[in-house]
Amino acid sequence: MVWIQAWSMRRIRCSSSFVTACLALSIAYSALFRAPESFFPWGCKSVAGSLGRLHIRAHPSRPFHALPTGRMRGGGVCLSRSSPKTKPQATSEIPPSSDSPQSPEPTQLSQSAQSPQLQSFHSPHPPHSQGLEKTGTHQGKSNQVESHRVKSHERKTIGSTSGKSSGDASVSDVDDNNTIENLATVESVDDVDSTDDTVNDAFGDYDKYNRHLRDFVLMLNGRNALKVNVSVAMQMADDKINRLKEYSKRREMKSVVRSSGDKLREALGQLDGSMREAQGEVRGSLKGMEVGKKAGLGLAVEAALETETETDPVPPPDPSTFPSYKTRDYFKFHVIHKSQKPGSRARVGRIHTPHGIIDTPGFVPVGTNGAVKAVDNHQSNTTGTQLMFCNTYHLLVHPGADIVENAGGLHKFMNRSGPIITDSGGFQVFSLAEPTEEDGDELKSRGAKRLSKSMTSGPRGGSGSGSGSGSASLLSTTEEGVKFRSYFDGSEITLTPESSVRAQKKLASDIIVPLDELPAYHVSKQRLKESVYLSHRWEARSLLEHLANPQQQAMYAVIHGGVDRDLRKLSVEYLSQLPFDGFAVGGSLGKDRKEMANLLEFVMPLLPEDKPNHILGIADMESVESTVAFGCDTFDSAYPTRLARHGSLFTTEGVIHIKLTRFKDDHRPIDPKCPTIPYTRAYLHHLMRQKEPLFLTLASMHNMAFMNNLMATIREKILNNEI
């Protein structure tokens with residue numbers, strides 16, 4: 001076993017390359033100097049022994065022995081820590097020659113090792129021919145042997161001290177006589193050459209081993225890196241597999257839950273059927289009981305099971321208690337033409353009011369707070385508007401009916417000369433109601449949106465909640481009326497049929513509407529029936545309040561009943577017996593246009609033909625065109641102007657979104673086939689892109705003008721029996 005140790009921890013850094021070099025030198029040394037004798041050529045062992053006897057000192061307290069392995073890449077030498085007492089044995093097969101020169105004294109060897117010739121020697125493997133003069137005599141051979149011995153000694157000294165100053169290492173005390181004896185065994189230059197060739201081969205083997213070991217280390221490092229990458233990839237794959245397993249489990253759980261739900265519904269259906277069968281069996285058993293106590297009990301149970309009577313709501317006042325209808329000199333309606341087209345009930349009429357004439361069919365824009373948003377009355381008149389719709393609820397909250405009355409009525413307050421229709425405020429009030437389990441998505445969406453908006457807006461736009469704040473909500477609904485909280489200042493307001501009519505009297509509109517309840521689309525028939533009866537009672541009270549002081553105002557009854565045809569027919573039959581001036585179709589008209597059209601096709605023929613009618617909250621192009629043939633007269637909605645403010649403009653080719661880039665350089669009119677406003681598409685596109693307030697006005701005016709032109713076109717088609 002060869003022990004390897006660093007020459008100097010101060011000179012040589014312990015790294016992986018240094019350990020690799022030491023390992024290679026150890027292998028070379030073991031192969032050259034520790035192998036059996038038969039491995040080496042003749043005389044090689046003695047020379048090898050003499051080459052391995054040189055001692056140097058890297059530290060004063062730690063002697064080391066140099067190995068004849070030549071110069072390393074780092075400038076250092078692999079050192080053997082073998083005992084300095086160990087001496088190689090001279091071979092006995094070849095006797096020493098008497099002609100061999102005597103070995104120099106140790107001092108002479110030291111001097112020769114420090115000669116300028118050796119100091120200038122830098123080659124790790126000096127050529128064998130340097131300093132050798134071949135002659136034919138034995139003395140020449142001896143001189144060559146002596147020269148080779150000195151050069152071998154020089155090689156060891158230079159190899160062990162390369163990269164250091166001459167003072168870093170000194171020749172230690174060594175028994176050079178043994179070295180000389182070993183060298184004396186070499187008789188010929190050929191033997192010396194052979195020995196030197198073997199040493200040089202060992203040096204070459206070292207370089208080869210060193211390259212192999214470096215490649216091996218690089219390969220190990222690469223495999224370690226690959227191992228790390230593979231480990232990371234495997235970890236990522238495991239994580240993904242775990243996530244997929246978890247996802248699969250969730251999918252399986254959902255499937256199980258779905259399957260369980262289906263099974264539960266099936267079981268409930270079976271249970272319901274079993275209960276019905278059991279009820280039938282109980283009925284049969286009770287009917288067959290004997291007369292007496294058991295029989296009486298059986299009859300009572302049978303009656304409870306078989307008779308599920310619904311109590312009728314409180315009926316409204318009898319129509320006979322009201323005065324008969326008399327023609328008003330301030331409010332008249334007459335039909336100009338009825339369409340002769342088969343299956344059509346379309347008609348062209350004219351309504352006379354104290355503030356002007358209304359041509360029917362006609363479009364009615366909505367001015368919620370006494371004004372169409374971003375459009376004044378003069379601009380509204382230029383678009384062809386005849387009748388405007390205002391909301392009593394909003395005007396009651398602010399500025400208040402008394403303020404408007406002090407101004408001389410709504411016409412003077414808003415400087416409008418044309419007719420005005422006001423509602424009762426019921427639609428807005430009941431939109432504030434909290435949704436219940438019976439209410440459908442229609443009412444929930446309106447109520448939630450309005451409630452959320454009102455909860456975040458306090459007095460004059462401030463935030464607040466609770467009493468005294470701006471949180472609007474429906475507080476209660478009774479036979480007397482409704483109580484709600486003002487969205488403006490949080491005050492409680494009670495609205496009854498009588499107070500609603502009195503407020504509209506102060507507003508002094510041309511057409512007023514009685515207070516009614518707004519039922520949702522998805523309610524039970526019993527709940528809907530109760531709502532219809534309540535609306536009838538409230539409308540009857542409103543009519544009585546109106547008749548006490550007509551004030552040159554007309555009142556329209558509101559037909560209710562949802563999409564239930566029986567209740568709609570019931571509502572028409574009762575209200576048409578009362579002395580109303582016209583009829584409005586309110587409540588839920590269905591979930592889509594198709595259901596609305598089917599409902600109006602049923603309801604409109606039931607209404608009296610000599611009185612005008614109004615469709616509440618419907619005035620889009622498609623709905624108007626699909627229902628005007630049923631005999632509808634006027635339509636109100638905020639939809640056209642609201643759509644305009646968001647950049648959607650009506651045209652005969654359909655709705656265009658003026659914000660789109662393709663209108664940036666479009667200098668045509670908004671609708672080339674329908675003149676509305678004297679501005680181009682490019683200009684309105686520019687105004688909307690720059691968020692100019694003028695855009696809101698011009699866009700709203702265009703849609704209002706388009707709707708009024710559409711109604712004029714419809715009237716002309718009816719006159720021509722085309723609709």
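For the structure, check the block above.
Now for a quick tour of the structure. Predicted model only: the values in this text are computed from it and were never measured.

Let us now look at the overall build of the chain. Looking only at helices and strands, one finds 22 helices and 20 strands in the chain. Every one of the 723 residues in the chain was classed for burial, and the buried ones make up 46%. Summarising the internal contacts of the chain: among those between residues at least 6 apart in sequence, 67% fall at separations of at least 24.

Taken in spatial order, the three strands make up an open sheet running β11-β12-β13, and their pairing is antiparallel. Every other strand in the sheet has two partners, leaving β11 (473–477) and β13 (492–495) as the edge strands with one partner each. Neighbour-to-neighbour, the strand axes of the sheet open up by a mean angle of 25 degrees, direction not taken into account. Two strands pair when backbone bridges link them, and β11 and strand β12 (residues 482–485) are joined in this way by four bridges, in the antiparallel orientation. The partner of Thr 477 across the bridge, within β12, is Val 482.

With respect to the secondary-structure elements, Glu 517 resides in the loop between β14 (511–512) and α16 (525–548). At 3.1 Å, the side chain of Glu 517 forms a polar contact with the side chain of Arg 527. Here the side chain of Glu 517 touches Ser 531 through a polar contact of 3.0 Å, side chain to side chain. Each residue touching Glu 517, except ones within four places of it in the same chain, is listed here: Phe 430, Arg 527, Ser 531, Leu 534, Ser 535, Trp 538 and His 560.

For the pair helix α15 (residues 497–507) and α16, interaxial distance at closest approach is 8 Å and the crossing angle is 40 degrees. Viewed along their axes, α15 and α16 adopt a mutual orientation that is oblique. Taken as a pair, α15 and α16 cross one another with a handedness that is right-handed. Residues Pro 497, Glu 498, Val 501, Arg 502 and Lys 505 of α15 pack against Trp 538, Arg 541, Ser 542, Glu 545 and His 546 of α16. The class makeup of the residues in the contact of α15 with α16 is three nonpolar, two polar and five charged.

A cluster of basic residues, Lys 659, Lys 664, Arg 689 and Lys 691, forms a positive patch on the protein surface. Within the secondary structure layout, Lys 691 lies in the loop between α21 (681–689) and α22 (693–719).

Going through the model one piece at a time under the given rule, you end up with 17 salt bridges. Residues Arg 328 and Asp 581 are paired through a salt bridge, measuring 3.0 Å at the closest nitrogen-oxygen approach. Highlighted residues: Arg 328 in the loop between α8 (293–306) and β5 (332–338) and Asp 581 in the loop between α17 (565–575) and β16 (582–585), separated in sequence by 253 residues. Each of the two residues, Arg 328 as well as Asp 581, counts as buried. The salt bridge involving Arg 527 is made with Glu 517; its shortest N-O contact spans 3.1 Å. Of this pair, Arg 527 sits in helix α16 while Glu 517 is found in the loop between β14 and α16, placing the two residues 10 residues apart along the sequence. What makes Glu 517 buried here is its relative accessible area of 7%. Sharing partners across several salt bridges, the network here consists of Lys 338, Arg 345 and Glu 609.

A few words now on the nonpolar core. Leu 575, Met 604, Ile 615 and Ile 714 are the most contacted members of the largest nonpolar core, which has 45 residues in total. Those elements that place two or more of their residues in this core are α16, β15 (554–559), α17, β16, α18 (593–603), α19 (621–627) and α22. Ranked by the residues each element gives to this core, the list is headed by α22, at six residues. Among the nonpolar cores identified, the runner-up in size contains 25 residues, and Met 388, Leu 395, Phe 695 and Met 701 belong to it.

Linkage of β11 to β12, two consecutive antiparallel strands, is achieved through a turn of four residues. Two elements, β12 and β13, share four bridges in a ladder whose sense is antiparallel. Bridging across to β13, Val 482 finds its partner in Leu 495. Adjacent in sequence and paired antiparallel, β12 and β13 are bridged by six residues, among which Gly 490 carries a positive phi angle near 80 degrees.

All right, on to a nonpolar patch on the surface then. On the surface, Leu 264, Leu 268, Leu 271 and Met 275 cluster together into a nonpolar patch covering about 390 Å² of accessible area. By secondary structure assignment, the location of Met 275 is in helix α7 (residues 189–287).

We now examine α22. Here α22 spans 40 Å end to end across 27 residues, near enough to the 39 Å set by a 1.5 Å rise per residue. Asn 721 lies just past α22 and shows a positive phi near 60 degrees.

So, about α17. Note on helix geometry: an α-helix contains 3.6 residues per turn, so any two residues three or four positions apart are oriented the same way. Among the residues of α17, Leu 567, Arg 568, Ser 571, Val 572, Tyr 574 and Leu 575 are the ones counted as buried. As for α17, its buried residues are in contact with α16, β15, β16 and α18. For α17, the N-terminal cap is Asp 564; the gap from its side-chain oxygen to the backbone nitrogen of Asp 566 is 3.1 Å.

Let us look at the packing of α21 against α22. The geometry of α21 relative to α22 is characterised by a closest axis approach of 8 Å and an angle of 135 degrees between their N-to-C directions. The orientation of α21 with respect to α22, classified from their angle, is oblique. Considering only the axes of α21 and α22, their crossing is left-handed. Counted together, Tyr 683, Leu 684, Leu 687 and Met 688 of α21 and Leu 694, Phe 695, Leu 698 and Ala 699 of α22 form the full contact between these two elements. Residues that form the contact of α21 with α22 fall into these classes: eight nonpolar, no polar and no charged.

Our focus in this paragraph is the pairing of β16. Residues Gly 582 and Ala 584 point to one face of β16 and Phe 583 and Val 585 to the other, with burial holding for every one of them. Direction of pairing for β15 relative to β16: parallel, over a ladder of four bridges. Note on β16: the bridge partner recorded for Tyr 556 is Gly 582. Crossover β15 to β16 through α17 is right-handed. In this structure, β16 lies alongside strand β17 (residues 613–615), joined through three bridges in parallel fashion. Pairing of Phe 583 across the sheet is with Asn 613, part of β17. Read from β16 through α18 to β17, the crossover connection turns out right-handed.

So, about the side chain of Thr 627. The topology assignment puts Thr 627 in helix α19. Classification of Thr 627 by relative accessible area gives buried; the value is 0%. A polar contact of 2.7 Å, which involves the side chain of Thr 627, links it to the backbone oxygen of Ser 623. Among all residues touching Thr 627, those that are not within four sequence positions of it are Met 596, Ala 597, Leu 600, Cys 632 and Phe 635.

For the rest of this paragraph, the subject is the packing of aromatic side chains. Going through the model one piece at a time under the given rule, you end up with five aromatic pairs. Taking 5.2 Å as the distance between ring centres and 45 degrees as the angle between the ring planes, the aromatic pair formed by Tyr 393 and Phe 484 counts as tilted. Separated by 91 residues along the polypeptide, Tyr 393 in helix α10 (residues 392–397) and Phe 484 in strand β12 bring together distant segments of the chain. Neither Tyr 393 nor Phe 484 differs from the other in exposure class; each is buried. Here Tyr 679 and Tyr 683 contribute two aromatic rings whose centre-to-centre distance is 5.5 Å and whose plane-to-plane angle is 20 degrees, an arrangement assigned as stacked. By relative accessible area, which is 33% here, Tyr 679 ends up partly exposed. Note on Tyr 683: relative accessible area 31%, which makes it partly exposed. Among the aromatic residues, ring-to-ring pairing joins Tyr 393, Phe 484 and Tyr 487 into one connected group.

About the cut-offs
For every chain, the first residue of the written sequence is number 1, and numbering continues from 1 onward in sequence order. Local features in this predicted model are restricted to residues whose pLDDT is 70 or higher, and side-chain atom pairs enter the listing and the counts only when it is 80 or higher, whereas totals over whole chains, interfaces and linings include all residues. Working from all heavy atoms in the structure, the side-chain values ignore hydrogens and water. Only DSSP runs of H or I with at least four residues qualify as helices, and only runs of E with at least two residues qualify as strands; both kinds are numbered from the N terminus onward. Classification of residues uses two cut-offs on accessible area relative to the type maximum, computed with a 1.4 Å probe and protein chains only: under 20% is buried, over 50% is exposed, and between them is partly exposed. Throughout, a residue-residue contact means that at least one pair of heavy atoms, one from each residue, lies within 4.5 Å. For two strands to be treated as a pair, DSSP must find no fewer than two bridges joining them. Angles shown run from 0 to 180 degrees and are taken between the N-to-C directions of axes, each axis being a line fitted to C-alpha atoms and, for helices, limited to the stretch in contact. Throughout this description, a polar contact denotes any pair of N or O atoms lying within 3.5 Å of each other; where both atoms belong to protein, one of them has to be capable of donating a hydrogen while the other can accept it, and for residues adjacent in sequence the pair is counted only when both atoms sit in side chains. In these notes the angle categories are as follows: under 35 degrees is roughly parallel, over 145 is roughly antiparallel, 65 to 115 is roughly perpendicular, and the rest is oblique. Left-handed describes a crossing in which the near helix is turned anticlockwise from the far one by less than a right angle; the clockwise case is right-handed. Think of it as three bins: nonpolar holds Ala, Val, Leu, Ile, Met, Phe, Trp, Tyr, Cys and Pro, charged holds Asp, Glu, Lys and Arg, and polar takes everything else, Gly as well. Candidates for patches are residues over 30% relative accessible area with no salt bridge; among them, like charges are joined within 9 Å and nonpolar side chains (Val, Leu, Ile, Met, Phe, Trp, Tyr) within 5 Å. Working definition of accessibility: Shrake-Rupley area with a 1.4 Å probe, residue cover restricted to the visible protein chains. Criterion for a salt bridge: a side-chain nitrogen of Lys or Arg within 4 Å of a carboxyl oxygen of Asp or Glu. Positive charges come from Lys and Arg alone, negative charges from Asp and Glu alone, with His and the N- and C-terminal ends not counted. Where a charge sits is defined by one atom per residue type, namely NZ (Lys), CZ (Arg), CG (Asp) or CD (Glu). Nonpolar cores are built from buried Ala, Val, Leu, Ile, Met, Phe, Trp, Tyr and Cys residues. Side-chain atoms within 4.5 Å join them into one set. Working rule for helices: expected span equals 1.5 Å times residues minus one. Look down the strands so they point away from you; if going from the first strand over the helix to the second traces a clockwise path, that crossover is right-handed. Note on aromatic pairs: the rings of Phe, Tyr and Trp (six-membered ring only in Trp) are paired at centre separations within 6.5 Å, and the planes decide the class, stacked below 30 degrees, edge-to-face beyond 60, tilted for the rest.

Read these as layout, nothing more, since geometry by itself doesn't imply function.
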